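# Summary of the model geometry
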Amino acid sequence: MLSDLDGWLADTRSSYDTVAVSYAGQLREALSGEPHLRAALALFAGMVQAAGGGPVADVGCGPGHVTAHLRELGVDAFGIDLSPAMIDVARRDHPDLRFEVGSMTDLDLADASVTALLAFWSLIHVPDDAIPTVFGQFRRVLPAGGPLLLGFHVGDESRLKTQGYGGHPMNVYVHRRRPDQVTAWLHDAGFTVEAQWLLDLDGSRPGAVLFARRRP
């Protein structure tokens, strides 16, 4: 039950409830300046269409800007986020789309009920020991061969974020991870990684995008 959350999940939810409006304002047009991310989403959309279409879960959707972009690409995407305030913003900004409050540690979705799944920079607050649970949920709700797209910060450190998005207080750890570690976790959870894109390697916030599929 979301009402029973504690620890890092509760901190993540309350932090993003606090910054939801400011966060949405900063991210609303973010994809327009990210050609590589748009290319990744376009490729992902093509994979979904090649699989015959169907519902696609944007897990950790935030204010819904990526969900909406996928819909513009012809994908039947819907969003799930831990923060009720963030979901309220997503519904306000995209009233024609479906958004639900939920946790990636316990998705309220039936087994093999989505064609594909996206987690775009929404794993960054998940501690290492919870990643197997999250990836197990991703595997459960995907069919064999179902595409999975992950985006995350690259690095080795974790730091506590106490303020952000307009100066509002937050209390979340931001975890940067090596692609080979994420690939190993995916393999252990029953996924095959098909491609890896590295982004902004010389910048202050390097990232990675992994394309994977659920193994039978």
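Residues numbered from 1 in each chain as written. Predicted model: local features only at pLDDT ≥ 70, side-chain atom pairs only at ≥ 80, totals over all residues. Heavy atoms only, no water.

From N to C terminus, the chain includes six helices and nine strands. Compactness check: the chain gives a C-alpha radius of gyration of 16 Å against a globular reference of 17 Å for 216 residues, within 12% of the reference. Counting only C-alpha atoms, the chain reaches 45 × 40 × 40 Å along its principal axes. With 216 residues in all, the chain has 50% of them scored as buried. At a minimum sequence separation of 6, the contacts of the chain that also span at least 24 residues come to 68%. Working note: accessible area of the chain is about 9800 Å², and carbon and sulfur atoms make up 50% of it. Between the mean site of the 18 positive side-chain charges and the mean site of the 26 negative ones, the chain shows a separation of 2 Å. (Helix = DSSP H or I, 4+ residues; strand = E, 2+ residues; numbered from the N terminus. Rg over C-alpha atoms; globule rule 2.2 N^0.38 Å. Buried < 20%, exposed > 50% of the residue type's maximum accessible area, 1.4 Å probe, protein only. Contact = heavy atoms within 4.5 Å. Areas by Shrake-Rupley, 256 points an atom, 1.4 Å probe, with all protein chains shown as cover. Lys, Arg positive; Asp, Glu negative; His and termini not counted. Charge placed at Lys NZ, Arg CZ, Asp CG, Glu CD.)

Attention now moves to helix α1 (residues 7–27). Taking the largest bend as the criterion, α1 deviates by roughly 65 degrees, centred on Ala20. Considered for burial, the residues of α1 that qualify are Leu9, Thr12, Ser15, Tyr16, Val19, Ala20, Tyr23, Ala24 and Leu27. Of the surrounding secondary structure, the elements contacted by the buried residues of α1 are α3 (65–72), α4 (84–93), β6 (158–164) and β7 (168–175). (Bend = angle between axes of the 7 residues up to and from the residue.)

Grouped together as the largest cluster of nonpolar side chains are 31 residues, with contacts concentrated most on Leu117, Leu123, Phe135, Phe138, Leu148, Leu150 and Leu186. Of all the secondary structure elements, the ones that give two or more residues to this core are β1 (55–59), β2 (76–81), β4 (116–120), α5 (131–141), β5 (147–153), α6 (179–189) and β9 (207–214). Top contributing element to this core by residue count: α5, with five residues. With near-sequence residues (within four places) excluded, Leu117 lies in contact with Phe44, Val56, Ala57, Val59, Leu107, Phe138, Val141, Leu142, Pro147, Leu148 and Leu149. Ala40, Ala45, Met47 and Phe120 belong to the second-largest nonpolar core, a separate cluster that totals 20 residues. (Core = buried A, V, L, I, M, F, W, Y, C linked by side-chain atoms within 4.5 Å.)

Not every positive phi belongs to a glycine, and Ala112 is a case in point at roughly 50 degrees. Along the polypeptide, Ala112 turns up in the loop between β3 (99–101) and β4. On the accessibility criterion, Ala112 (47% relative accessible area) is partly exposed. Despite not being glycine, Asp200 has its phi angle at roughly 55 degrees, a positive value. Within the fold, Asp200 resides in the loop between β8 (191–199) and β9.

For the rest of this paragraph, the subject is the packing of aromatic side chains. Considering all chains together, one arrives at three aromatic pairs under this definition. Consider the rings of Phe135 and Phe138, whose centres lie 5.9 Å apart with planes at 40 degrees: the pair is tilted. With Phe135 and Phe138 both in helix α5, this residue pair falls three residues apart, about one helical turn. Neither residue differs from the other here; Phe135 and Phe138 are each classed as buried. When the ring centre of Phe78 is taken as origin, the NZ or CZ atom of Arg98, which lies over that ring, is 3.9 Å away. (Phe/Tyr/Trp six-rings, centres within 6.5 Å; stacked < 30°, edge-to-face > 60°. Lys NZ or Arg CZ within 6 Å of the ring centre and 35° of its normal.)

This brings us to the sheet that holds β8. With respect to topology, seven strands assemble into an open sheet ordered β3-β2-β1-β4-β5-β9-β8, the strand pairing being mixed. Since the sheet does not close on itself, it has two edges, and those belong to β3 and β8, each with one partner. Each adjacent strand pair in this sheet contributes to an overall mean axis angle of 20 degrees, direction not counted. One ladder, built from seven bridges, connects β5 with β9; its direction is antiparallel. Looking at β9, one finds that Phe152 is bridged to Ala208. Helix-sheet contacts for α4 involve β2 and β3, and the interaxial angle to β3 is about 170 degrees. (Pairing = 2+ DSSP bridges. Axes fitted to C-alpha atoms, helices over the stretch in contact; angles between N-to-C directions.)

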